[in-house]
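For reference, the chains in residue letters:
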Amino acid sequence: MAEIIDGKKISQELKDDVKKEVEALKAKGIEPALAVILVGQDPASTVYVNNKKKACEYTGIKSLSYELPESTTEEELLGLIDKLNTDDACDGILVQLPLPKHINEDKVIKRISPDKDVDGFHPESVGRLSLGERGFKSCTPAGVIELLKRSNTEIDGKHAVVVGRSNIVGKPMAMLLLRENATVTVCHSHTPDLRAITKQADILVVAIGQPKFIDGSFVKEGATVIDVGIHRLEGKKLCGDVDYESAEKVASKITPVPGGVGPMTIAELMNNCKEAAEMHAGLR
């Protein structure tokens, strides 16, 4: 039986760390603030935004909430971002995705100042990450690194296989693992004999968006398995991209769904916002 990497517990540890650091900033007269913009009433997005607000409240980060109607035009949204970009009382800007179809997501992401891009999606943030320079890391991949480190999983010198090449998870995940001195292989839908490659992984990170696609036959004995996927099956039961029941019999460590990677994303967002406040105050 594999050891369960408890994302709820580790995310709480990270949020507690952020809370202490925010208290120290406030003692110096610095109040970190995060602007969260929600356009429309998408149910899943509303839940995510509410969870982010709760995390802000817990860590002591001021939450600036902008809940806009579905009819908001692209120009109106870009105008709000321009205003927040120049507002010294705002350290981080987060636009909840997906946006309504009449708004160009790429244009919106690029409009956010790289110095306030706490999601780590701006091309400049991605460029800084690839060059190993200081900048905001994408929250989910950064959360995976934190899970590995806080579960005492050795990364340096290990072979890490990332299944998935999305801009939000797969690509930045590979770059962050390289930064930790792993040897990294990235697999995707055009990879022949995927199983042969994943079975070489000491660390297997799965982010392909297909429920229970990776079962125990894809996993090397004793590997650490990180499941980034989340899906709602019939009967409202949640599962990931990994078939947990079969994979845990082979792996030495594994993340559950829910309660694995998910909670880490919001914890890392809080950490990025705290770092943004430090940067704007000249402390970083």
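Before any of the text, the structure's been laid out above.
Quantities reported herein were computed from a predicted structural model and do not represent experimental measurements. (Residues numbered from 1 in each chain as written. Predicted model: local features only at pLDDT ≥ 70, side-chain atom pairs only at ≥ 80, totals over all residues. Heavy atoms only, no water.)

Asker: Looking at this structure, I do not really get the nonpolar core. What am I missing?
Answerer: A general feature of soluble globular proteins is that nonpolar side chains tend to end up buried together. Core analysis: the largest hydrophobic core is formed by 44 residues, its most contacted members being Leu34, Leu177, Val205 and Met270. For this core, the secondary-structure elements that each account for two or more residues are helix H1 (7-27), strand S2 (33-39), helix H2 (43-59), helix H6 (139-150), strand S5 (159-163), helix H7 (170-179), strand S7 (203-206) and helix H10 (262-280). Not counting residues within four places of it along the chain, the set of residues in contact with Leu34 comprises Cys56, Ile61, Lys62, Ser63, Leu64, Gly92, Ile93, Leu94, Val118, Leu269, Met270 and Cys273. (Core = buried A, V, L, I, M, F, W, Y, C linked by side-chain atoms within 4.5 Å. Buried < 20%, exposed > 50% of the residue type's maximum accessible area, 1.4 Å probe, protein only. Helix = DSSP H or I, 4+ residues; strand = E, 2+ residues; numbered from the N terminus. Contact = heavy atoms within 4.5 Å.)

Asker: Hey, could you run me through the pattern of salt bridges in this one?
Answerer: Between side chains of opposite charge, a pair can form when the charged atoms approach closely. Applying the stated criterion across every chain yields a total of 16 salt bridges. A salt bridge links Arg150 to Glu13; its shortest N-O distance comes to 3.7 Å. Pair noted here: Arg150 is in helix H6 and Glu13 is in helix H1, with a separation of 137 residues, a long-range link. The structure contains a network of salt bridges with shared partners spanning Lys9, Glu13, Asp17, Glu146 and Arg150. (Salt bridge = Lys/Arg side-chain N within 4 Å of Asp/Glu carboxyl O.)

Asker: Whenever I open this one, the sheet that holds strand S6 (residues 183-187) confuses me. Can you help?
Answerer: Across a sheet, strands are paired by hydrogen bonds formed along the backbone, either parallel or antiparallel in direction. Ordered by their spatial adjacency, six strands build an open sheet running S1-S11-S8-S7-S5-S6, and the pairing between neighbours is parallel. For this open sheet the edge positions go to strand S1 (3-4) and S6, each flanked by a neighbour on one side alone. With four bridges joining them, S7 and strand S8 (residues 224-227) adopt parallel strand pairing. Residue Val206 lies in a different strand from S8, and its bridge partner there is Asp227. Relative to the sheet, H7 contacts S5, S6 and S7, its axis offset from that of S5 by approximately 170 degrees. (Pairing = 2+ DSSP bridges. Axes fitted to C-alpha atoms, helices over the stretch in contact; angles between N-to-C directions.)

Asker: Help me out: how do you make sense of the sheet that holds strand S4 (residues 92-95) in this one?
Answerer: Read across the open sheet, the three strands follow the order S3-S2-S4; overall the sheet is parallel. Of all strands in the sheet, those with a lone pairing partner are strand S3 (62-68) and S4, marking the two edges. Taking the axes of each pair of neighbouring strands and ignoring which way they run, one obtains an average angle of 15 degrees across the sheet. Here S2 pairs with S3 via seven bridges, running parallel. Considered in S3, the bridge of Ile37 is made with Tyr66. Across the sheet, H2 is in contact with S2, S3 and S4; its angle to S2 comes to roughly 165 degrees. Packing against the sheet, helix H3 (residues 74-85) makes contact with S2, S3 and S4, and its axis sits at approximately 180 degrees to S2.

As far as function goes, none of this settles anything; it's purely spatial.
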